[in-house]
Amino acid sequence: MINKSNEMSEHDRVIPVMHIPLVKMLSNTSLSIWIGGGVVLFLVMFFSLSMGAYRLDWSSVLSTGWHGRDGMILLDIRLPRVLLSASVGAALAVSGAALQGLFRNPLADPGLIGISSGAVLSVALVIVIFPAWTAWSGLYGLSLAAFIGGALTCVLIFKIGRLKGGHNVMQLILAGVAINALAGAAVGFLTYLSTDEQLRTLTFWSMGSFGGAMWPAVWMTTGVTLISVAFLIHQSGHLNRLLLGEAEARYLGTDTDQLKRRIILLTALSVGCAVAVSGIIGFVGLVIPHLIRLMWKADHRVLIPSSAILGAILMILADTFARTVVSPAELPVGIVTSLLGGPFFLWLLFRPNSSGAS
Amino acid sequence: MLNLSLVSVNKGSKCLLHNIDLSISPGELSIILGPNGAGKSTLLNCMIGAELKYQGQIQFENIELKQWPIKDLSKKRAVLSQLAGITFPFTALEVVQMGIQEDAIVKDSRILCLDALDKMGVASLAHIAYPLLSGGERQRVQIARAFVQLASSEQGKPQYLFLDEPTSALDLHHQLQLMQQLQTLAKKGLAIVCVLHDLQLAAQYADKIILLKEGNLMGVGKASELLTEANIESLYRVPNHIVAHPSSGRPMVLLK
Amino acid sequence: MKWQTPVCITFISALCFASIFAFALQATQAISAEPVTAVHFDNVPTRVVSIGGATTEILFALGVGDRVIGSDTTSYYPEQAQETAKVGYMRALSAEGVLSLEPEVVFAAEGAGPAKVLSQLQALSTPWVSLPEVTSLDLLYENIMTIGQVMSREESSLALVARLKKEQFQLEQAIKADNKKPRILFVMQHTGSPMVAGRNTAADRMIRLAGGDNVASAVQGYKPLTAEAMVNLNPQWILSTTLGADKVGGTEGMHGLPGFKFTAAAKANHIIVMDGLFLLGFGPRTLQAAQELRSFLHDK
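Taking an unreviewed UniProt entry as the reference, chain C is identified by name as ABC transporter substrate-binding protein belonging to Marinomonas phaeophyticola.

Looking at an unreviewed UniProt entry, chain B carries the name Heme ABC transporter ATP-binding protein, with the source organism given as Marinomonas phaeophyticola. The UniProt entry for chain B carries the following comment under Function (unreviewed entry): "Part of the ABC transporter complex HmuTUV involved in hemin import. Responsible for energy coupling to the transport system."

## As for the overall build of chain B
Of the regular secondary structure elements, chain B holds nine helices and 12 strands. The globule rule puts the C-alpha radius of gyration for 256 residues at 18 Å, and the 19 Å found for chain B is close to it. The principal-axis extent of the C-alpha atoms belonging to chain B is close to 50 × 45 × 35 Å. By the burial criterion, 46% of the 256 residues in chain B qualify as buried. By sequence separation, contacts in chain B at least 24 residues apart represent 65% of the contacts at least 6 residues apart.

## Regarding the overall build of chain C
Of the regular secondary structure elements, chain C holds 14 helices and 11 strands. A total of 300 residues make up chain C; the buried ones form 43% of that total. Look at the contacts in chain C between residues 6 or more apart in sequence, and 57% of them connect residues 24 or more apart.

## Quick word on unusual backbone geometry
Glycine aside, residues mostly have negative phi angles, and peptide bonds mostly take the trans form. Residue Pro328 of chain A is reached from Ser327 of chain A by a cis peptide bond, and omega for that bond is 10°. Among the structural elements, Pro328 of chain A can be located in the loop between α16 (300-324) and α17 (333-350). The phi torsion at Leu6 of chain B lies on the positive side, around 50°, for a residue other than glycine. If you trace the backbone, Leu6 of chain B turns up in strand β1 (residues 2-11). One non-glycine residue, Asn269 of chain C, lies in the positive phi region at around 55°. With respect to the helices and strands, Asn269 of chain C occurs in the loop between α12 (264-267) and β11 (271-274). Looking at Asn269 of chain C, the number of C-beta atoms within 10 Å reads 10, which means it is exposed.

## Let's talk about helix α5 (residues 115-123) of chain C
Buried within α5 of chain C we find Lys116, Val117, Leu118, Ser119, Gln120 and Leu121 of chain C. For α5 of chain C, the elements touching its buried residues are α5 (69-103) of chain A together with α4 (95-100) and β5 (128-131) of chain C. One or two residues past the end of α5 of chain C sits Ser125 of chain C, with phi positive at roughly 40°.

## A word on the domain arrangement of chain C
Residue and element names in this part refer to chain C. For chain C, the assigned domains are domain 1 (48-163) and domain 2 (178-297). Look at where the C-alpha atoms of domain 1 and domain 2 centre, and you get two points 28 Å apart. Domain 1 puts 11 residues into the contact, and the matching count from domain 2 is seven residues. Contributing elements (two or more residues each) for the side of domain 1 that touches domain 2: α2 (53-61) and α6 (137-150).

## Re the environment of Glu165 of chain B
Residues and elements named next belong to chain B. Position of Glu165 relative to the elements: it lies in the loop between β7 (160-164) and α6 (172-187). Linking Glu165 and Ser81, residues 84 residues apart in sequence, is a C-alpha distance of 7.9 Å. When neighbours within four sequence positions are excluded, Glu165 is seen to be in contact with Gln82, Val195, Leu196 and His197.

## Focus: the packing of helix α15 (residues 284-295) of chain A against α16 of chain A
Residues and elements named next belong to chain A. At a minimum axis separation of 9 Å, α15 and α16 run at an interaxial angle of 120°. For the element pair α15 / α16, the angle class is oblique. α16 is crossed by α15, and the crossing has right-handed handedness. Of the residues in α16, those in contact with Val284, Ile288, Pro289, Leu291, Ile292 and Arg293 of α15 are Leu303, Ser306, Ser307, Leu310, Gly311, Leu314 and Met315. By residue class, the composition of the contact of α15 with α16 is nine nonpolar, three polar and one charged.

## As for the confidence of the model for chain C
All names here are of chain C. Taken residue by residue, chain C gives an average pLDDT of 85. The fraction at 70 or more is 85%. Low pLDDT, under 50, characterises residues 26-37; the predicted model gives this stretch 17 contacts beyond four residues in sequence or across chains. Here the prediction assigns the complex a pTM of 0.83, and the interface score ipTM is 0.90.

## Concerning the packing of helix α6 (residues 115-128) of chain A against helix α9 (residues 169-193) of chain A
All names here are of chain A. It is the contact of α6 with α9, at a shortest axis distance of 9 Å, that shows an interaxial angle of 20°. Overall, the two elements α6 and α9 adopt an arrangement that is roughly parallel. The handedness of the crossing between α6 and α9 comes out as left-handed. On α9, the residues that touch Ser117, Gly118, Val120, Leu121, Ala124, Leu125 and Val128 of α6 are Ile179, Asn180, Ala183, Gly184, Ala186, Val187, Leu190 and Leu193.

## What about the sheet that holds strand β2 (residues 68-71) of chain C?
Residues and elements named next belong to chain C. Reading across the sheet, the five strands line up as β3-β2-β1-β4-β5 and stay open at both edges, with parallel pairing between neighbours. With partners counted over all chains shown, the strands left at the sheet margins are β3 (85-86) and β5, one partner each. Contacts between α2 and the sheet are confined to β1 (48-51), β2, β4 (105-109) and β5, with β1 contributing the most and set at about 135° to the helix.

## Some thoughts on the sheet that holds β1 of chain B
Residue and element names in this part refer to chain B. If you trace the four strands from one edge of the open sheet to the other, you get β2-β1-β4-β5, paired in antiparallel fashion. Each edge of the open sheet is held by one strand with a lone partner, namely β2 (14-24) and β5 (63-64). The pairing of strand β4 (residues 55-60) with β5 spans two bridges and is classified as antiparallel. Its bridge partner being in β5, Gln59 is matched across the sheet by Glu64.

## Observations concerning helix α14 (residues 286-297) of chain C
All names here are of chain C. Between the first and last C-alpha of α14 there are 16 Å, a value that for 12 residues agrees with the 16 Å anticipated at 1.5 Å per step. For α14, the complete set of buried residues consists of Thr286, Leu287, Ala289, Ala290, Leu293, Phe296 and Leu297. Elements that come into contact with the buried residues of α14 comprise α6, α7 (154-177), α8 (202-209), β10 (237-241), β11 and α13 (276-280). At the exit of α14 stands Asp299, carrying a positive phi of roughly 50°.

## As for the pairing of β7 of chain B
Residues and elements named next belong to chain B. Of all the five residues making up β7, five are buried; the element is thus mostly covered by neighbouring parts of the structure. Burial along β7 is two-sided: Tyr160, Phe162 and Asp164 facing one way and Leu161 and Leu163 facing the other are all buried. Both strand β6 (residues 77-80) and β7 contribute to a ladder of four bridges, which runs parallel. The residue of β7 that forms the bridge with Arg77 is Tyr160. Both β7 and strand β8 (residues 191-195) contribute to a ladder of five bridges, which runs parallel.

## Quick word on the environment of Leu349 of chain A
All names here are of chain A. Mapped onto the elements of the fold, Leu349 is located in helix α17. For Leu349, a count of 12 C-beta atoms within 10 Å puts it in the exposed group. Note: C-alpha distance between Leu349 and Arg69 (280 residues apart in sequence) is 47 Å.

## Examining the environment of Gln97 of chain B
All names here are of chain B. Within the fold, Gln97 resides in helix α3 (residues 92-97). Expressed as a C-alpha distance, the spacing of Gln97 and Arg237, which sit 140 residues apart in the sequence, is 44 Å. Residues contacting Gln97, with those up to four places away along its chain left out, are Ser109 and Cys113.

Parameters at a glance
Once a new chain begins, its residue numbering starts again from 1 and follows that chain's sequence as written. Note on labels: chains are lettered from A, ligands numbered from 1, in written order. Per-residue local features are limited, in this predicted model, to residues with pLDDT of at least 70; the limit for side-chain atom pairs, both in listing and counting, is 80 or more; totals at the level of whole chains, interfaces and linings are taken over all residues. UniProt positions are given in the numbering used here, feature names are shortened, and annotations may be inferred rather than shown by experiment. By definition, any uninterrupted DSSP run of H or I lasting at least four residues is a helix, any uninterrupted run of E lasting at least two residues is a strand, and each is numbered from the N terminus. For a compact globule the rule gives 2.2 Å times the number of residues to the power 0.38, and the radius of gyration it is set against comes from C-alpha atoms. Exposure criterion: with C-beta atoms placed from backbone coordinates, a residue whose C-beta has 20 or more other C-beta atoms within 10 Å is buried, one with 12 or fewer is exposed, and one in between is partly exposed. Any pair of residues counts as being in contact when their C-beta atoms, constructed from backbone geometry, are within 7 Å of one another. Segmentation into domains, and thus their bounds, comes from an automatic or database assignment. Interaxial angle, 0 to 180 degrees, is taken between N-to-C directions of lines fitted to C-alpha atoms, where a helix line uses only the stretch in contact. To sort the angles, those under 35 degrees are grouped as roughly parallel, those over 145 as roughly antiparallel, those from 65 to 115 as roughly perpendicular, and the leftovers as oblique. Crossing chirality is assigned from the near helix's rotation relative to the far helix, an anticlockwise turn below a right angle marking it left-handed and a clockwise turn marking it right-handed. Polar here means any residue outside two lists: the nonpolar Ala, Val, Leu, Ile, Met, Phe, Trp, Tyr, Cys and Pro, and the charged Asp, Glu, Lys and Arg; Gly therefore counts as polar. Across the chain, each position has a pLDDT score giving the predictor's confidence in that residue, from 0 to 100. DSSP bridges decide pairing: two strands pair if at least two such bridges lie between them. Given a helix with a known number of residues, its expected span is that number minus one, times 1.5 Å.

Here's what the structure looks like:
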C-alpha cells in the first residue's frame, strides 16, 4: 500500500545522488570504487611522474636504468614525491571524513581537535628552544618532533574528553578549540623568542611542501595511511550508525566509546604523520569528503574509500601544479590546494541545482 | 521476559521513578501512558539499558540488564527513540541499512531493507535523501530500520521492540497502519513496549496498559480495567466520559 | 582506566616506530646535510646557479656574470641577475628546479635550503659550493677567493680583494679620526611595534663598520621595540631599507613610529634609507655601502 501522494512529490525533489549512468554502471560496492579509482589514480601518478621542472629523457631512463642521472631523478626525487603526496592526500581526506562523521559536523577537520597545532607547537619548540635536537636526530628531526607533538596532543584530548566521563563529542570539540588557542599562544611566544633565521625556518616549515620527499618518509606515511584507511573502511558501517546519535548507535550494537577512541587515535596518527612529512596543508580534509557527498554519496562505506582515492588524486595534481607552474622555483602546495579547492567548493555549494542538504 | 522489581531512579533530590514492579512478556503490545513528567521516558530508558543509575533489579531474559554486552543486546531488542535529524545526505535506504547486524546471516540485506521500507509504505522513497523527507516519512523509515535490526539478527526469539512516541509525526492513516502492524508483530511473538500520548490509540490496540503517575506505577492491566473516568481525571485533571467502542467494545475517552 | 591502555600502547609503539625510523635514517643518510665545500673542477664551469644576493654579486664582480644561468629571488643586483632563471627563495628551493637548469656548479650562501632538498641534490651529486655567512670582512674575502678559484678567476678575485682591503683600510683610518660615534637605530619593520636590529645582525655589523653605535645592541637579533624604549634609546639616526620604508610611505611615514617624535633623530629629521641588498647583503659593495652610510652620518 504505497501512498500516492509520495509518488507525486518525489518528482519535485532533488536527488543528491548524481543520477548519471556512471554511478549506475559502478554498483555501490567498494570493489568498484577501488578498481575505478585505482585506475584513475594510476593514470594521474603516471602523468605527474612525467611532469616536472627537469626535462626527463625517457629513452635515457630506459637505456641507463636507475643509475643514470635521469633515472635517479625519477626514482629519488619524483617518484617519492608523487607517492608521498598521494598518501598524505589520502590520509588527510580520510581523517576529515571520519572526523566529520564522528563529530556529526560538516565543518570538522583534522585541525579542529588540535592535532595540527600540537604538531606545530612541538616543531616551534625544537627550532627555538632545543636546536640541539635537530643536530642529534638529523634531517628528520622536525618531522619526528611534529609526530610526537601530534601524538601528545591526542593523549591530552583524551584526558580532557574523559574528565566528565564518557567521550562527549561537544567536550572534544571544545577541548580542541582550547588546545588550538593555547598552542597558538605558545607558538606566538616562541616566535617572539626566536631569531630571524629560526623564524624563517618555522614559517617555511609550516607552509607545507612535499619538496623534501624521500623514501623513508614515503614508507612511513604510506604504512600509517594504509592501516588507517583499512581500519576506517572496516568501521564505516559503525560510523554510519553514529549519525543516528550515540544512543541509537549503541542500541544497534555499536560500542561507541571504543569507536570514538579508535577514530581519534587513528586520525591523530595519520594526521601527525602527514604534518610531520609535509607541514600544514589545509583544506583537503574539509573539501574532499564534501565533494563526494555533494556529487555522490554520504554513506561512509563509499565515502571513506572514495575520499582516500580522490584525496590522493587531488593532492598529486595540486603538487604537480605547485612544482611546475613557477618552475624552476615552486609554490607551497598548501596555497595551491586552497586556491584550487576554494572556488570549486563554492561553486559546488551555490550551483543552481545544489541540494544544499549537507 | 523483562522483569523490573523495585526499580527506582533518583536524579539529585528528585525521584523520577519509585519502586516499579513490572514484567513484559513476548507476544504482548504494552503501552506506557501518563501525563508529562510522569516518568514514561525514564521507565523506557531503564528497560532498554540506557538508564543505568537505577536501584532495584531489571532482569532481561533472566540476566541482569547491566550484564548484557551491547552487541548481544542489539540482537534481542530494537529501540526507536524520538527522532533527531541526520547531518549528511544519506538516502532512506542507507538509513535502513544501518540497522543490519554486523554478523547478519541474511543473504541479500538490500532486499530485506527494501522490503521493510515497502511494509512501511515508503519503498518509493528509498533513494531520496533522508534530510529531505517529511517528519512522518522519516518516522516510517526509522521504524523500518528497527524492523531490519531485529530481522537481520540470527538469534532466535523472543525479541523486543521499544518505541518512544512513534505516532507523534504520523497522520491518522499512518498512525492506524503502524498500530495494526505492531499488533500483528506482537501476535507473532514479539514483545513491544510503546510510549504513547494518544489515549484512543492506546485503548484500541494495547494488550497491556502501564499507567504512570508522578513516578509511581498507578496500575498495569487491560485497557478496560485501567482507563476509567476516575483514573483519567486523576492523571490529567480533565473531566471525561468513557464509552464503549461500538465494534470492539474497548473504552473510548470522551472529553466533557 | 579504560582509555589508558590503547592510548599508551599506540603512543609507545608510535614512539618506537619513530625512533627506529630516525636511526634507520641516520644509517642510510650517513652523509651530512651540509654540502661539500671543496669541489674540484677539471673544467671551468659555464653553467652556474647562484643562491644568495651577495654570491651573485661576487660572480658578476669577477666578470663571470654571463655564466650565471639561474639565481634565487634575493639576487637582484646587478640588473642582469634579474634576467636569469629564478629558482625561488633561497630557503625554499626545489631540487628538481635546480637540476632542471643542469648546473655545472651551484654556489650557495649559508642558509640555503631546506635541508632535505639539499640532501636530495647531494644524493644526485650536484656540484655544490657552500659559502659561509659573512660575519666579518675576512670571510667576505675568503668567499671571493673561493668563487674565483672555482671559476678560474684567481687574478680577478685577488684584485677585487686587494681593492676592498684598501677601501677597508681607508674607511678604518677615517673612522679613527672621527671624535664621536653617531647613535644609530636600524628599523626593519614599521608596522605595529617596530622591529629593530640588535646584536648579531647584519645591520649591527654594518652600523659598526660605518663607525656608528647601534643603540639597540643590548638585545639579540631582531626584536620589537616599545615606544618608551624608543624614547629611552634616543637614537640620533634612524636607518632603514627601501623596502621597509616604502611600506609606511617613505621617510615621512617613519615619523609615525611610536615614540619616534621624542628622539633626536626626529628633531633633526635624520632618516637614512638605503637598498636592502646594498646595505645588508655583505657582498663586494659592502665597503661602498659603509662609506655611503658614513657620509650620511657626517653630512659630507
